[in-house]
Amino acid sequence: MIVTVVSVPDGGVTTVSAPEARRRLATDPFLLLGVELPGEQGPAEEPVVRRLGLDEEDLEWFGRREGSLRAEFLGDTAGFVVPVVRGGQVHQVHALASDRFLVAVHWGHWAGLAGDVTALVRRERPRDAVAALFLLLQEALSTFRRAAVEALLQVEELEDDMFEKRRPEQIYRLSQLRRHSAVLHHALLPYLQGVDEVITRRMLSPDFPVERQRLAQEFQRAARLVLADIESLQDATRRAFASYGSLVAGEQNGVINRLAIVSVIFLPLSFLTGFFGMNFEFLTNRLETRDEFWLLAVGLQLVAVVGSLVLLHRSRIWRRLRDDE
């Protein structure tokens, strides 16, 4: 377990041991801790809350990797399991905040928000741990927004490429992006519903400070915008699938038109061939010379082909095929 302390005045990061972090949690008036646990599942260790000296009551979930999204107030402490997008995948960050401290637990360096939150602390200078908690929640929302915008740009690029030249791998990539949008929506929506319910209930309390109400309202507004971005991504993937289907239908129409042209040309030829291939008296007894054979067998074929081409040239099928080309 790696414990880092974020200094609020300058945003500096210091690595400390678990006993030192436990001591500072008991004495410092305002402390931000980032706890990094191993990314791989190792041997069972002492729970994080016990190693940090926190009250273990109602905190069995804190620091345990297998857990559902949550947002709840436990007396004077707020606990959150926050979804975060890293490397195209959704991970979890556990956050525990009171008036004196904010502890954030993540697994592996790739899933942490330490660098982002440190930059926010330097810029925003939060007044207390609750304000720092909302910075953490806002930054988690930002990871979803960036993932949604990046995927939306990829969908638009794929849609442009489809109209230039349709390729089979485009539909596979669109399927991946559509699945990605569904994962983002599935991960974010239950979490936002839980957080919104908890925040709304706390805002109805008369002892909830005005400054914290403002932070909560900003978070709710940002959450609605991020959710709208993800829904826009879902709409864009559906539109791209519809465009791909329209292109496929257009190509199939072109193939059908070509088959119709071939059928119009060869249908009279097939009729003449079948007609003169029958053994009845006129053909067997009257057509005896070579000139008669060339006149009827070949001449009628040429007349049928030329007549078919003239009719096709005047038809809508020919003009539509020429326009498609």
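Here, every reference points to the structure presented above.
Notes on the structure in this doc start here. (Residues numbered from 1 in each chain as written. Predicted model: local features only at pLDDT ≥ 70, side-chain atom pairs only at ≥ 80, totals over all residues. Heavy atoms only, no water.)

### Overview of helix H1 (residues 18-27)
Turning to H1, its buried residues are Ala 18, Ala 21 and Leu 25. One face of H1 carries all of its buried residues, which in axial projection span an arc of 60 degrees. Those residues of H1 that are exposed and aimed more than 90 degrees away from the buried face are Pro 19 and Ala 26. (Buried < 20%, exposed > 50% of the residue type's maximum accessible area, 1.4 Å probe, protein only. Helix = DSSP H or I, 4+ residues; strand = E, 2+ residues; numbered from the N terminus. Arc of directions from axis to C-beta.)

### Quick look at a negative patch on the surface
Side chains of Glu 156, Glu 157, Asp 160, Asp 161 and Glu 164 sit close together on the surface and give a patch of like negative charge. Secondary-structure assignment places Glu 156 in helix H4 (residues 129-164). (Patch = residues over 30% accessible without salt bridge, like charges linked within 9 Å, V, L, I, M, F, W, Y side chains within 5 Å. Areas by Shrake-Rupley, 256 points an atom, 1.4 Å probe, with all protein chains shown as cover. Salt bridge = Lys/Arg side-chain N within 4 Å of Asp/Glu carboxyl O. Lys, Arg positive; Asp, Glu negative; His and termini not counted. Charge placed at Lys NZ, Arg CZ, Asp CG, Glu CD.)

### Considering the nonpolar core
Nonpolar side chains in soluble globular proteins tend to end up buried together. Ranked by internal contacts, the top residues of the largest apolar core, which has 53 residues, are Phe 80, Leu 188 and Phe 219. Listed by contribution, the elements that provide at least two residues to this core are strand S5 (77-86), strand S6 (89-97), strand S7 (101-107), H4, helix H5 (168-203) and helix H6 (210-276). Top contributing element to this core by residue count: H4, with 17 residues. In this view, Phe 80 contacts Trp 61, Arg 70, Ala 71, Val 93, His 94, Ala 95, Leu 133, Leu 137 and Val 195; residues no more than four positions away in its chain are not counted. Of all hydrophobic cores here, the second largest spans 21 residues; its members include Leu 37, Val 48, Trp 61 and Phe 62. (Core = buried A, V, L, I, M, F, W, Y, C linked by side-chain atoms within 4.5 Å. Contact = heavy atoms within 4.5 Å.)

### As for the pattern of salt bridges
Taken as a whole, this structure holds seven salt bridges when the rule is applied. A salt bridge links Arg 145 to Asp 229; its shortest N-O distance comes to 3.9 Å. Taken together, the residues span a long stretch of sequence, with Arg 145 in helix H4 and Asp 229 in helix H6 at a distance of 84 residues. When its relative accessible area of 28% is taken as the criterion, Arg 145 is described as partly exposed.

### Details of a nonpolar patch on the surface
A surface patch of nonpolar side chains, about 310 Å² in accessible area, is lined by Phe 271, Phe 275 and Met 278. Considering the arrangement of structural elements, one finds Phe 275 in helix H6. Residue class for Phe 275 comes out partly exposed when judged on its relative accessible area of 34%.

### What about the pairing of strand S3 (residues 31-37)?
With six of its seven residues buried, S3 lies for the most part within the structure. As paired strands, S3 and S7 are joined by seven bridges and run parallel to one another. Note that in S7 the partner of Leu 37 across the bridge is Trp 107. (Pairing = 2+ DSSP bridges.)

### Details of the pairing of strand S4 (residues 70-74)
Bridge analysis of S4 against S5 gives five bridges, and the strand direction is antiparallel. Bridge pairing in S5 links Arg 70 to Val 81. Hairpin remark: S4 followed by S5, antiparallel, with two residues in the connecting loop; positive phi at Gly 75, about 70 degrees.

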